[in-house]
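Descriptive analysis of the structure
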Amino acid sequence: MVKPTRVTNSIRALRFAAGELTQAELAERVGVTRQTIIAIEQGKYSPSLEIAFQIAHALGVRLDEVFSYPVGPTTATGTTTAVARDGAPTAGDPA
């Protein structure tokens, strides 16, 4: 069994913000398979840095708008809070 990545992403929301771009269309723009996009979206696979930049470019946003990594303090449940570069919690995280 593959251990899920701690890297989180906003690919699905950004695809819809980009005119309901399909996984297949994004995959074609990036040069990967649709299955790769699915695995990245679901947090089952961390892309290489090059692929991560290509995804951000294809979506027309900065890399840190697509991907985040939990570097905040650990909570009582053992989870961490993803923090943006400015120190604010990322979208979807409790304030």
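Given the structure is predicted, the values throughout are model-derived calculations rather than measurements.

Bringing unusual backbone geometry into the picture now. Phi is positive for E20, which is not a glycine, with a value near 55°. A residue is classified by how much of its surface remains accessible, and E20, at 56% relative accessible area, is exposed.

Moving on, we come to the environment of V66. By secondary structure assignment, the location of V66 is in helix α5 (residues 63–66). V66 sits 54 residues away from R12 along the chain, and the two C-alpha atoms are 9.5 Å apart. Those residues in contact with V66 that sit more than four places away from it in its chain are T8, N9, S10, I11, L14, I55, A56, L59 and V61.

A few words on the side chain of R15. If you trace the backbone, R15 turns up in helix α1 (residues 11–17). R15 gets classed as buried once you look at its relative accessible area, which sits at 4%. Here the side chain of R15 touches E41 through a polar contact of 2.5 Å, side chain to side chain. Excluding anything up to four places from it in sequence, R15 contacts E20, L21, T22, Q23, L26, E41 and L59.

Listed as buried for helix α4 (residues 49–59) are I51, A52, I55, A56, A58 and L59. Considered in projection along α4, the buried side chains sweep an arc of 165° and stay on one side of the axis. Summarising the geometry of α4, the exposed residues directed more than 90 degrees from the buried face are L49, E50 and H57. Positive phi shows up at G60, right after α4, with a value of about 75°.

For the structure shown, the criterion picks out 3 salt bridges. Beyond isolated ion pairs, a larger network of salt bridges with shared partners links R62, D64 and E65.

Here is a general trend for soluble globular proteins: nonpolar side chains tend to be buried in one another's company. In this structure, I11, L26, V30, I55, L59, V66 and F67 are the most contacted members of the largest nonpolar core, which totals 17 residues. When residues of this core are traced back to their parent elements, those giving at least two are α1, α2 (23–30), α3 (34–41) and α4. Among the elements that take part in this core, α4 stands out by supplying 6 residues, more than any other. Discounting residues that sit within four places of it in the chain, V30 has contacts with I51, Q54, I55 and A58.

The rules behind the values
In this convention, every chain numbers its residues from 1, walking through the sequence in written order. Local features in this predicted model are restricted to residues whose pLDDT is 70 or higher, and side-chain atom pairs enter the listing and the counts only when it is 80 or higher, whereas totals over whole chains, interfaces and linings include all residues. Side-chain figures throughout are based on the complete set of non-hydrogen atoms in the structure, without hydrogens or water. Three exposure classes are used, based on accessible area relative to the maximum for each residue type with a 1.4 Å probe and protein chains only: buried under 20%, partly exposed in between, and exposed over 50%. A run of H or I in DSSP becomes a helix once it reaches four residues, and a run of E becomes a strand once it reaches two; helices and strands are each numbered from the N terminus. Pairs of residues are marked as contacts when any of their non-hydrogen atoms sit within 4.5 Å. The term polar contact refers here to a pair of N or O atoms within 3.5 Å; inside protein, the definition further demands a hydrogen-donor-capable atom paired with an acceptor-capable atom, and it admits residues adjacent in sequence only when both atoms are side-chain atoms. Note that the arc is computed from the directions linking the helix axis to the C-beta atoms. We define a salt bridge as a contact between a side-chain nitrogen of Lys or Arg and a carboxyl oxygen of Asp or Glu at a distance within 4 Å. Take the buried residues of types Ala, Val, Leu, Ile, Met, Phe, Trp, Tyr and Cys, join any two whose side-chain atoms come within 4.5 Å, and each joined set is a nonpolar core.

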